[in-house]
Amino acid sequence: MAKRAHIIVHNNPNETGYRFFIKQKAIALGLKGFCGVNEQKQIEVEVEGKDSSIEEFLKFVQKGFSPSIKICDELKGYVTMESDLL
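Rules behind the numbers
- Residues numbered from 1 in each chain as written.
- Predicted model: local features only at pLDDT ≥ 70, side-chain atom pairs only at ≥ 80, totals over all residues.
- Heavy atoms only, no water.
- Helix = DSSP H or I, 4+ residues; strand = E, 2+ residues; numbered from the N terminus.
- Rg over C-alpha atoms; globule rule 2.2 N^0.38 Å.
- Buried < 20%, exposed > 50% of the residue type's maximum accessible area, 1.4 Å probe, protein only.
- Contact = heavy atoms within 4.5 Å.
- Areas by Shrake-Rupley, 256 points an atom, 1.4 Å probe, with all protein chains shown as cover.
- Lys, Arg positive; Asp, Glu negative; His and termini not counted.
- Charge placed at Lys NZ, Arg CZ, Asp CG, Glu CD.
- Phe/Tyr/Trp six-rings, centres within 6.5 Å; stacked < 30°, edge-to-face > 60°.
- Expected span 1.5 Å × (residues − 1).
- Arc of directions from axis to C-beta.
- Pairing = 2+ DSSP bridges.
- Axes fitted to C-alpha atoms, helices over the stretch in contact; angles between N-to-C directions.

We now examine the overall build of the protein chain. Across its full length, the protein chain carries two helices and five strands. In the protein chain, the succession of α and β elements from N to C terminus is β-α-β-β-α-β-β. Relative to the compact-globule value of 12 Å for 86 residues, the protein chain shows a C-alpha radius of gyration of 12 Å, a close match. The C-alpha extent of the protein chain, read off along each of the three principal axes, is 35 × 25 × 20 Å. Taken over 86 residues, the protein chain has a buried fraction of 37%. Residue pairs in contact within the protein chain that sit at least 24 positions apart in sequence constitute 75% of those at least 6 positions apart. Summed over all atoms, the accessible surface of the protein chain reaches about 5100 Å², with 53% contributed by carbon and sulfur. Computing the positive centroid from 12 side-chain charges and the negative centroid from 12, the protein chain places the two 4 Å apart.

Glancing now at the packing of aromatic side chains. Tallied over the full model, the rule gives three aromatic pairs. Taken together, a centroid distance of 5.5 Å and an interplanar angle of 75° make the contact between F20 and F21 edge-to-face.

Taking 1.5 Å of rise per residue, the twelve residues of helix α2 (residues 51-62) would be expected to cover 16 Å, and the 17 Å separating its terminal C-alpha atoms lies within 8% of that figure. Listing the buried residues of α2 in full gives S53, I54, F57, L58 and V61. Down the axis of α2, the smallest arc covering the buried residues is 135°, so these residues share one side. Residues of α2 that are exposed and angled more than 90 degrees away from the buried face: S52 and K59. Note on α2: the residue one or two positions beyond its end, G64, has a positive phi of about 85°.

Here we take up unusual backbone geometry. Positioned with a positive phi, K41 is a non-glycine residue whose angle comes to about 65°. Inspection of the secondary structure puts K41 in the loop between β2 (32-37) and β3 (43-50).

In this section: the sheet that holds strand β5 (residues 81-83). A sheet is described by the order of its strands in space; here five strands give the open sequence β4-β1-β3-β2-β5, paired in mixed fashion. Both outer strands of the open sheet, β4 (68-72) and β5, are each paired with one neighbouring strand and no more. Averaged over all neighbouring strand pairs, the angle between strand axes comes to 10°, with direction disregarded. Two elements, strand β1 (residues 2-9) and β3, share eight bridges in a ladder whose sense is antiparallel. Within β3, the residue paired with A2 across the bridge is K50. Of the strands in this sheet, β1, β3 and β4 touch α2, which is tilted by about 155° from β3.

Here it is as structure tokens:
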């Protein structure tokens with residue numbers, strides 16, 4: 001079964017490096033979605049994929065941070081993992 005997770009990291013870690021590692025971890029787990037900085041200068045991530053991959057990804061993003069996480073059963077149909085990095 002597949003799920004989607006929407007994550008907001010409130011305490012702003014080193015934005016560029018953290019987003020790079022988030023994107024790489026998502027790709028390694030076969031997740032699709034996006035990662036970027038929102039208007040409130042928070043890192044916003046949305047990924048979808050297998051339940052087990054989502055669980056592992058959430059453990060990764062929670063190391064050292066307390067992000068807001070919302071899990072949804074509805075998928076948006078992402079085809080790649082995008083970020084606002086070049």
